[in-house]
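# Remarks on the overall topology
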Amino acid sequence: MGRRLAGAWQARAARVEWAINENVFSLCSSVAAPARACGGPAVTPDGRAVPNGAGADGPRAAAAPGRPGAPAGPPTIHMHHVGVRLGDAVVLEDVGFDVEAGCFLAIVGPNGAGKSTLVKVALGLLTPQRGHAALFGEMVGAHPERIGYVPQLKTFDRTFPATAVELVVSGLRRRWPARPSAGERELALAALSRVGAERLERRQLARLSGGELQRAYLARALVRRPQLVLLDEPATGVDYLAEHDLYDLLERYQGGTGATVAMVTHDLAAARFHADRVLVLNRRVHGFGTPDEVLCEPCLQAAFGHHGHHHALAF
Amino acid sequence: MSLADALHLAFMQRAVAAGLLIAVMAGLLGVFVVQRRLSFLGAGLAHAAFGGMGLGAFVIASTGLLASGVGLLRHPLWIAVPFSLLAGLGIAWVRENTALSSDTAIGVFFAVSVALGVLFFSIIPPDVNLGLSLMDLLFGSILSVTRPDLWVILAVAVVAVAFLTASWGALAYATFDDELARSDGVPSRLLEVSLFACAAVVIAVSSVVVGIILMAAYLVIPAASARLLARSLLQMTVLSVVLAVLSTLLGLALSYLIDVPSGSTIVLTQAAMFVLAAALSRRWARGAGG
């Protein structure tokens, strides 16, 4: 445990040192030319979409890293001019991008930017008033079994009497299990084991720490071997070690299965180090591309504002 | 007359049968009422039933239905049930479509229903005998359960138990985390409306037996006691039903033996079980801690 903690802190220190040396968040690798990222809209560093037909309808320019050539089939996530209004407030406006299979997408933006709303649109929990959203080339909500969703931890009821294994089996059944069968229990245990949480099997969820809960939720999401893992601020309420392990697990799952990962996060450093595509969102898309292309001052300033982006850069 | 002899009496058999059916329904329903923090819903819907009974009594008294040969039509329940159902759906609608919380929505329907009930009962001519007193309605009258009452309770119990057991997994999932359940295709809005409708009908038919004031306790106490002891929702559900059934049988027996009102004895028995469950759960928690 001590060695893992030391390793994690060394990794974090290395990331911070690297970020300072390279001044990663104040330079933009594509200042001279518009960024065109993973088939999404070409976006300039100042946040303006390039009106050259290379938007959500345009050709998907880049394949996922490590996957040379254009991927076959429809994009895993397709958003086309999505607009969402909740009451009088415009939460999302003209949001369009495509994410190919095998991408690790980080969705970043300030509080109230519409990040979680975008996840709800992708899950089919919220129907956009404008535009349309598709997953795997079909209407959102058509294939919940292909999605492993890790919600914000604050959504679950801590008074609910449940064990970790029941939570994981709910991911298999898509219903709450009265009594998990022997086969389901075996699959759940294997999933808990994959996320390093086999000892949590019989533990009550209410008694788990933030990091332990996160592992149980991740096991629940991965037990059905999803083609898309959607995470809404997975690092909130967990310590750095658990956060480090979470990204490590996600990368290993993605590497092993070729699944797509889409994650809402406030952590720009995590987006920089773990994602191969980043969506900078604040009601509308302010940047979409590789971390080098969009985690730059102009994009972040456009999304976070003149003062906010300094805090964002400080991570 | 001993308790065993009393059980041979038809009215006692009807009382036991009605009590057991209500215990099973309330025990099952109570799990979701407690876990969804809807304890006030029981009180609200029971008082909505009071409004419905008032309206029903007024309609029966003023339309000549009392003289009709059809037993069920002479009972205000046939108006109280749809009235409570509308109140339950109304609460669900206000909860879903306005910025008001459940307890505020329930509070509004609660007050309006009681006002209507009092109004309707006050304008029924005093010489009309409905076979149902206001005191029976408020505090229950399990020993005066008639055969038609029992048939109505049985029919509602079959439908309610079938709904609650068939949708248990989906209801439990949506109770645990509504967003997670909806992301997995669980129709949680439809389930919630169905749950409210089920609660409204169960409470309306049960309140005639246990009384509207005690009905909320019937829904909440066995499930709350079960929650204190259970480690899973299945355990909680089974325990809740078992405690509701046991408290009904024990309460009925005690009320007969010491000649006190049955509704309050049942609820006080449930309260004693709750205290016992609380003590046991503290002991177990200390044991686990040590």
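The structure presented is a predicted model; accordingly, all values stated were derived computationally and were not measured.

Residues and elements named next belong to chain A. Looking at chain A, the domain boundaries give domain 1 (2-136 + 227-314) and domain 2 (155-225). Of the residues forming the side of domain 1 that touches domain 2, the biggest block, 6 residues, is contributed by helix 6 (residues 240-257). Partitioning the side of domain 1 that touches domain 2 into residue classes produces 7 nonpolar, 2 polar and 2 charged.

Let's shift gears to the nonpolar core. Membership of the largest hydrophobic core comes to 185 residues, with the highest contact counts inside it found for Leu105(A), Val168(A), Ala216(A), Leu29(B) and Ala199(B). Setting aside its immediate chain neighbours within four residues, Val168(A) contacts Ala188(A), Ala191(A), Leu192(A), Ala216(A), Ala219(A), Arg220(A) and Val223(A).

Once that is clear, we can look at the sheet that holds strand 1 (residues 77-86) of chain A. Residue and element names in this part refer to chain A. Spatial strand order, 2-1-4-5: 4 strands in an open sheet with antiparallel pairing. Sheet topology places strand 2 (89-99) and strand 5 (138-139) at the edges, where each strand pairs with a single neighbour. Where strand 1 meets strand 2, 7 bridges bridge the pair, whose relative direction is antiparallel. The partner of arginine 85 across the bridge, within strand 2, is valine 90.

All names here are of chain A. Of all 9 residues in helix 2 (residues 115-123), 8 are buried, a share of seventy percent or more. Among the residues making up helix 2, those that are buried are Lys115, Thr117, Leu118, Val119, Lys120, Val121, Ala122 and Leu123. In the stretch just after helix 2, glycine 124 is the one whose phi turns positive, near 85°.

All names here are of chain B. With 26 residues, helix 2 (residues 10-35) should reach 38 Å at 1.5 Å per residue; the first-to-last C-alpha distance of 38 Å fits that figure. Where helix 2 bends most, the angle comes to about 30°, and this point is leucine 29. The element helix 2 is extensively covered by neighbouring structure, given that 19 of its 26 residues are classed as buried. After helix 2 finishes, the residue arginine 37 shows a positive phi value of roughly 55°.

Calculation rules
Residues numbered from 1 in each chain as written. Chains lettered and ligands numbered in written order. Predicted model: local features only at pLDDT ≥ 70, side-chain atom pairs only at ≥ 80, totals over all residues. Domains from an automatic or database assignment. Helix = DSSP H or I, 4+ residues; strand = E, 2+ residues; numbered from the N terminus. Nonpolar A, V, L, I, M, F, W, Y, C, P; charged D, E, K, R; others polar. Core = buried A, V, L, I, M, F, W, Y, C linked by C-beta atoms within 7 Å. Buried ≥ 20, exposed ≤ 12 C-beta atoms within 10 Å, placed from the backbone. Contact = placed C-beta atoms within 7 Å. Pairing = 2+ DSSP bridges. Expected span 1.5 Å × (residues − 1). Bend = angle between axes of the 7 residues up to and from the residue.

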